[in-house]
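Fold and contact review
What follows is the residue order along each chain.
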Amino acid sequence: MPATSQASQALPLYVQVSELLIRDIAAGRLMEGERLPPERDMAEELGISVGTLRKALADLTQKGLLERVQGSGNYIRHGATHESVYAMFRLELLSGGGLPRADILSVNRMKKTDDLPSFGTAADATRIRRLRYLNDVLIAVEEIWLDGDAGTVRRDLLSDSLYRFYQRHLGFWIKRAEDRVTIAKVPDWSPDIFPVAPGTVTGFVERFSWTEKREPIEFSRTWFDTGKAHYVQRLK
């Protein structure tokens, strides 16, 4: 079911549903040629109106991931190229999938700290700390550093997807990313709401992200609760 508690600039509900279905298609939980349940049944299961569901299905149709056959139903189509705001989000619930969302803890423009690897071209960066959820289940704490030369980050304009914010407000799109998955201790700034206590070893992902330029524009660190989520990379 789509998340109900949202960030100040949360994705529209129909986009959330569309993204949830895109993740299920990418994960193979919705197969090529599979017929979706009747729209009223789907809407009831997701806790949304039929009108909202139809907007989500129209979005999938436009992306080439759904074929709507009059009088027959809606059928999944694989293989189309599409741009998903969560295309690079690799954490999933242990039961599979889940719609990502985030709560912002802090946004600060500051000098890059000594513990950071080399990225970008500026001496300063915007540091964003967030809590990450899947279907309203808290699964991770996250720290993102965006190079200072990338632009100004306004907290009131941030959405659940930073990549969508970058595209809409800063004029660039993340083209590729490199993840390094290991284990690490939860940082001391992690809030009490996160179930894994600071100093506890847990799953850890470092990510470098690029636009079309040579230098990575963003570096992030994510500590995730291995009792609730895992990192998934699918090869196609």
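Report follows, based on the coordinates. (Residues numbered from 1 in each chain as written. Predicted model: local features only at pLDDT ≥ 70, side-chain atom pairs only at ≥ 80, totals over all residues. Heavy atoms only, no water.)

1. A look at the sheet that holds strand β9 (residues 218-224)
Strand order in this open sheet of six strands is β4-β5-β6-β9-β8-β7, and the pairing throughout is antiparallel. Among the strands making up the open sheet, the edge pair consists of β4 (100-111) and β7 (176-185). Recorded for the sheet is a direction-independent mean angle of 20° between the axes of neighbouring strands. Across the sheet, helix α4 (residues 162-170) touches β5 (124-134), β6 (137-147), β8 (201-210) and β9, and the angle it forms with β6 is around 35°. (Pairing = 2+ DSSP bridges. Helix = DSSP H or I, 4+ residues; strand = E, 2+ residues; numbered from the N terminus. Axes fitted to C-alpha atoms, helices over the stretch in contact; angles between N-to-C directions. Contact = heavy atoms within 4.5 Å.)

2. Overview of the pattern of salt bridges
Summed over all chains, the structure comprises 17 salt bridges. Across the pair Asp-103 and Arg-101 runs a salt bridge, and its minimum N-O distance is 2.9 Å. On the accessibility criterion, Asp-103 (23% relative accessible area) is partly exposed. By relative accessible area, which is 4% here, Arg-101 ends up buried. (Salt bridge = Lys/Arg side-chain N within 4 Å of Asp/Glu carboxyl O. Buried < 20%, exposed > 50% of the residue type's maximum accessible area, 1.4 Å probe, protein only.)

3. Topic: the packing of aromatic side chains
Scanning the model with the defined rule gives eight aromatic pairs in all. Judged by centre distance (6.1 Å) and plane angle (35°), the ring pair of Tyr-163 and Tyr-166 falls under tilted. A residue pair is termed a helical-turn pair when its members lie 3 or 4 positions apart in one helix, as Tyr-163 and Tyr-166 do in helix α4 at three residues. Just as Tyr-163 is buried, Tyr-166 falls in that class too. Members of the aromatic cluster, connected to one another through ring pairs, are Phe-119, Phe-208, Trp-210 and Phe-219. Seen from the ring of Phe-119, Lys-112 lies directly overhead, with NZ or CZ sitting 4.1 Å from the centre. Note that Arg-176 overlies the ring of Trp-210, its terminal NZ or CZ placed 4.0 Å from the centroid. (Phe/Tyr/Trp six-rings, centres within 6.5 Å; stacked < 30°, edge-to-face > 60°. Lys NZ or Arg CZ within 6 Å of the ring centre and 35° of its normal.)

4. A few points about the side chain of Arg-130
Relative to the assigned elements, Arg-130 resides in strand β5. Classification of Arg-130 as buried rests on a relative accessible area of 3%. With sequence-adjacent residues up to four places away left out, Arg-130 is seen in contact with Ala-102, Asp-103, Ile-104, Leu-105, Ala-140, Val-141, Glu-142, Ile-144, Ser-159, Asp-160 and Leu-162.

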